[in-house]
Amino acid sequence: MGLSHLLHPYSPASRHAVPLQNGNGNGNARPTPSQSYPADHPRLLIRNVHLPFDSDDPTLADPLYNVYCVGSRVDCVELATANGHSQGSRHSTPPHHPEYQPKDRQGVHAELDAQGRGILLPALCHAHIHLDKCFLLDQCDELVTGHFSEALRVTAKAKSTFPHNLDDLYDRGRKLITQSVECGVTMMRAHVEVDETVHFACVDTGLHLQKLFADICHIQIAVFAQDPLFASAQDDRPGLNYVLLQSAVHRPGVEAVGSAPYVEPTIAHAKRNIDYVLDLGLEAGLHIDFHLDYNLESGAEPLIWYVLDRIRDRIRHGRWRPGTHVAIGHATRLTLFTADEWARLRVALVDERLPVTLVGLPSSDLYMMGRHLDSAPRSTLNVPRLAEEQGLRVAMAVNNVENAFTPQGPVDPLGLCPLGVAVFQAGTKKDCRALLESVTLNARLAIGGVHKGTPCPSLTPARGMLADFVLLHENDTLHGAALNPSFSRTTIRHGQVVARRVAQTWILPQKTPSPDPMFLPASA
């Protein structure tokens, strides 16, 4: 089929435009696919798919839709057929999978037919993941206590081998990225450590992987100081770790800088850590990421207030770069906040619109926090409640995969949603929407992936939005996608299919059962 088929797959008489306006199901009819793009622009038509509308109205959510992507953007969305409803059972065995058909030899023009099954969501995003420490557990000493101090110690020992085993560092990072893309991730903030142990080994490996996967996934390299900038409580000036971090922020390809102020020897040093990293980020034009307030001590000073005050001060004095965004990871201390403290934080983030996003890391937070308490608390940011009560757009992220800080759990950000349903006791449709937004829209916001001037972020595709999606083959509803995400998926980045993951199953063939005398009809 030629290009004309891609531009006009249906005659005007059979095409039924969907009334979409900013993806919320209101407003004027969406225009037909545009012909104004150059012929060499990549084009993808996603056919017969369910969409996650912002309304629970079944007249919008039940029908099937076509999504036209031209270049890297959504061009238009329309009803798939006159009646527009899916056919067949959503519980069919074996399941139906989308058909992908390139329309030219280069695969630039293509169609993806969902065949009436599957829901199209915004692509997943790792707002916080450690590229260099993934799949490291088998290289660490055996865990005995599981405490944070032990995790730091055994990881530091394993890290000492990184500069001498670059192939392993590269292979583990590549495995993480590959599995992530297969899950539906098209953007990630990848933390790589810089310190006197590894120097630039992790940074150089991360930048190499960034180039390797440039057409498949946006890997946002964040140079990260896990170790203290100050060697001891007596030091007034930062040491070698800071000098190395100063150099790393200027490496081409680095997009963020971060630190873990809680590892500093005193609270005063932790605050100076924050100031140094803020200044490094602003001077180099980078986003900023703090692993912050990682404790459950009611007597500990929440450093979130210091971060917000320092941001305000820099904005007031014209020292803030427009577009710079700050992510706050962990923030478990905030789970002890009173209603007044949450109201104060809401004023800063919602009313003042300070460029800060909280990132909960539930797999790590739940595993590590509260070990000294008699009963383990829900020691991670409650995403649905904060969305409902405070209007906060909180992200969730995986953080670590198979290491001493988080030995359990997959690389899949979508897997955090059913975990959140259980941990937060949040299984309503509204709750599930908030959970899905946390690993898609909010995650991109947290790492500066939502740019000024682009359409308002929405779970529902709309004209002009970035054409980054994950198609869940075996989920038809947003609710189901959060409760029990499909394993089988197709990943789309910038309007091109970049990955497909399908489960291969087998079961012993069933024999025709012999008649059971108990169920034979009575004789005449």
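Above this text sits the structure in question.
The sections below set out a description of the structure shown in this document.

Reading the values: rules and limits
- Each chain carries its own residue numbering, running from 1 in the direction its sequence is written.
- Local features in this predicted model are restricted to residues whose pLDDT is 70 or higher, and side-chain atom pairs enter the listing and the counts only when it is 80 or higher, whereas totals over whole chains, interfaces and linings include all residues.
- By convention in this description, side-chain values take in all heavy atoms of the structure and omit both hydrogens and water.
- Starting at the N terminus, helices and strands are each numbered in turn, a helix being any DSSP run of H or I of at least four residues and a strand any DSSP run of E of at least two.
- The buried label goes to any residue with under 20% of its type's maximum accessible area, the exposed label to any with over 50%, and the partly exposed label to all in between, with areas taken from a 1.4 Å probe on protein chains only.
- Working rule for contacts: check all heavy atoms of both residues, and any pair within 4.5 Å makes them a contact.
- Here the open area of atoms and residues is found with the Shrake-Rupley method and a 1.4 Å probe, where only the protein chains shown may cover a residue.
- What a helix should span is 1.5 Å times the count of its residues minus one.
- Two strands form a pair only when DSSP identifies at least two bridges running between them.
- Orientation is described by axes fitted as lines to C-alpha atoms, over the contacting stretch for helices, and by angles from 0 to 180 degrees between their N-to-C directions.
- One side-chain nitrogen of Lys or Arg within 4 Å of one carboxyl oxygen of Asp or Glu is enough to make a salt bridge.
- Pairs of N or O atoms are called polar contacts if they sit within 3.5 Å, as long as, within protein, a hydrogen donor faces a hydrogen acceptor (for residues adjacent in sequence, only side-chain-to-side-chain pairs).
- For this text, the term disulfide refers to a pair of cysteine sulfurs within 2.5 Å.
- Only Phe, Tyr and Trp rings take part, Trp by its six-membered ring, and two of them pair if their centres are within 6.5 Å. Stacked means planes under 30 degrees apart, edge-to-face means over 60, and tilted covers everything else.
- Side-chain atoms within 4.5 Å are what join buried Ala, Val, Leu, Ile, Met, Phe, Trp, Tyr and Cys residues into a set we call a nonpolar core.
- Residues qualify for a patch when their relative accessible area is over 30% and they have no salt bridge, like charges being joined within 9 Å and the nonpolar side chains of Val, Leu, Ile, Met, Phe, Trp and Tyr within 5 Å.
- Roughly parallel refers to an angle under 35 degrees, roughly antiparallel to one over 145, roughly perpendicular to one between 65 and 115, and oblique to any angle outside these ranges.
- Note on convention: the crossing is left-handed when the near helix lies turned anticlockwise from the far helix by less than a right angle, right-handed when the turn is clockwise.
- Following the grouping adopted for this structure description, the nonpolar residues are Ala, Val, Leu, Ile, Met, Phe, Trp, Tyr, Cys and Pro, the charged ones are Asp, Glu, Lys and Arg, and the polar ones are all others, Gly among them.

1. Some words on the overall build of the protein
Next, step 1: Within the protein one finds 15 helices and 18 strands.
Next, step 2: When burial is assessed residue by residue, the protein has 54% of its 524 residues classed as buried.
Next, step 3: In the protein, the proportion of contacts linking residues at least 24 apart, taken out of those at least 6 apart, comes to 74%.
Next, step 4: Surface summary for the protein: the accessible area is close to 23100 Å², and the carbon and sulfur share equals 52%.

2. Focus on helix α8 (residues 304-316)
Next, step 1: Over its 13 residues, α8 runs 18 Å from end to end, which matches the ideal 18 Å to within 8%, given 1.5 Å per residue.
Next, step 2: What α8 keeps buried is the set Ile 304, Trp 305, Tyr 306, Val 307, Leu 308, Ile 311, Asp 313 and Arg 314.
Next, step 3: Packed against the buried residues of α8 are α7 (267-284), β12 (287-292), β13 (326-330), α9 (339-351) and β14 (356-360).
Next, step 4: Residue Gly 318 follows α8 closely and has a positive phi angle near 70 degrees.

3. Things to note about the sheet that holds strand β8 (residues 124-130)
Next, step 1: Here 8 strands make up an open sheet; going across it, the order is β8-β9-β10-β11-β12-β13-β14-β15 and the pairing parallel. A single partner strand is all that each edge strand has here, and the edge strands are β8 and β15 (395-396).
Next, step 2: In the sheet, β13 pairs with β14 via 4 bridges, with the strands oriented parallel. Its bridge partner being in β14, Val 326 is matched across the sheet by Val 356.
Next, step 3: This element, helix α5 (residues 201-212), spans β9 (185-193), β10 (218-225) and β11 (254-259) of the sheet and lies at about 175 degrees to β10.

4. Let's talk about the environment of His 473
Next, step 1: Structurally, His 473 can be placed in the loop between β16 (469-472) and α15 (478-483).
Next, step 2: Sequence-wise, His 473 and Ser 486 are 13 residues apart; in three dimensions their C-alpha atoms are separated by 6.4 Å.

5. Some thoughts on the pattern of salt bridges
Two side chains with opposite charge may pair up if their charged atoms get near one another.
Next, step 1: Evaluation of the coordinates by the stated rule reveals 25 salt bridges.
Next, step 2: A salt bridge links Lys 133 to Glu 193, with the shortest nitrogen-to-oxygen separation between them at 2.7 Å. Taken together, the positions of Lys 133 in the loop between β8 and α3 (148-159) and Glu 193 in strand β9 put the pair 60 residues apart, joining distant regions of the chain.
Next, step 3: Accessibility expressed as a relative area gives 2% for Lys 133, which makes it buried.

6. Side note on the side chain of Asp 468
Next, step 1: Inspection of the secondary structure assignment puts Asp 468 in the loop between α14 (441-446) and β16.
Next, step 2: There is a polar contact of 3.0 Å between the side chain of Asp 468 and the side chain of Arg 444.
Next, step 3: With sequence-adjacent residues up to four places away left out, Asp 468 is seen in contact with Leu 121, Pro 122, Ala 123, Thr 186, Arg 444, Ile 492, Arg 493 and His 494.

7. Quick word on the sheet that holds β16
Next, step 1: Read from one edge of the open sheet, 4 strands run β7-β16-β17-β18, paired in antiparallel fashion. The open sheet has two edge strands, β7 (119-122) and β18 (496-501), and neither has a second partner. Mean inter-strand twist for the sheet, computed between neighbouring axes without regard to direction, equals 20 degrees.
Next, step 2: In this sheet, β18 lies alongside strand β17 (residues 489-493) in antiparallel orientation, the contact comprising 5 bridges. Each residue of the ladder has a partner; that of Thr 491, found in β18, is Ala 499.

8. With respect to the state of the cysteines
Joining two cysteines, a disulfide is a covalent bond between their sulfur atoms.
Next, step 1: Under the definition given, this model contains 0 disulfides.
Next, step 2: Free cysteine Cys 69: the closest other cysteine sulfur is in Cys 76, separated by 9.5 Å.
Next, step 3: Counting only cysteine sulfurs, Cys 417 is the nearest neighbor of Cys 432, a cysteine outside any disulfide, at a range of 7.7 Å.

9. Focus on the packing of aromatic side chains
Next, step 1: Under the definition given, this model contains 9 aromatic pairs.
Next, step 2: Taking the centre distance of 6.1 Å and the plane angle of 50 degrees together, the rings of Phe 230 and Tyr 276 count as tilted. Note that Phe 230 is positioned in the loop between β10 and α6 (240-248) and Tyr 276 in helix α7, a separation of 46 residues in sequence.
Next, step 3: Its relative accessible area of 1% is what places Phe 230 among the buried residues.
Next, step 4: With 5.3 Å between their ring centres and 65 degrees between their planes, Phe 337 and Trp 342 make a pair best called edge-to-face.

10. What to know about the nonpolar core
Next, step 1: Core analysis: the biggest nonpolar cluster contains 110 residues, and Val 223, Phe 290, Ile 304, Ile 328 and Leu 345 have the highest contact counts within it.
Next, step 2: Non-local contacts of Val 223, meaning those with residues more than four positions away in its chain, are made with Val 192, Val 194, Val 203, Leu 245, Ala 248, Val 249, Val 254, Ala 256, Val 257 and Gly 258.

11. Brief notes about a nonpolar patch on the surface
Next, step 1: On the surface, Trp 506, Ile 507 and Leu 508 cluster together into a nonpolar patch covering about 460 Å² of accessible area.
Next, step 2: Relative to the helices and strands, Ile 507 resides in the segment after β18.

12. With respect to the environment of Gly 427
Next, step 1: Checked against the element boundaries, Gly 427 lands in the loop between α12 (416-423) and α13 (429-438).
Next, step 2: As for Gly 427 and His 479, which are separated by 52 residues in sequence, their C-alpha atoms are 8.5 Å apart.
Next, step 3: Those residues within four positions of Gly 427 in sequence are excluded, and the remaining contacts are Val 421, Cys 432, His 479 and Leu 483.

13. Let's talk about the pairing of β8
Next, step 1: In terms of burial, β8 is a largely internal element, 7 of the 7 residues being buried.
Next, step 2: Sheet topology places β8 next to β9; 5 bridges connect them, and they run parallel. Within the sheet, the bridge partner assigned to His 126 lies in β9 and is Met 188.

14. Re the packing of helix α4 (residues 166-183) against α5
Next, step 1: Contact geometry of α4 with α5 gives a least axis separation of 10 Å together with a crossing angle of 45 degrees. The pairing of α4 with α5 is recorded here as oblique in orientation. When you trace α4 past α5, the crossing you get is right-handed. The segment α4 lies against α5, with Leu 166, Leu 169, Tyr 170, Gly 173, Arg 174 and Ile 177 engaging Ala 201, Cys 202, Thr 205, His 208, Leu 209 and Leu 212.
Next, step 2: A class-by-class count of the residues in the contact of α4 with α5 yields 8 nonpolar, 3 polar and 1 charged.

Scope: geometric values only; no functional claims are made or implied.
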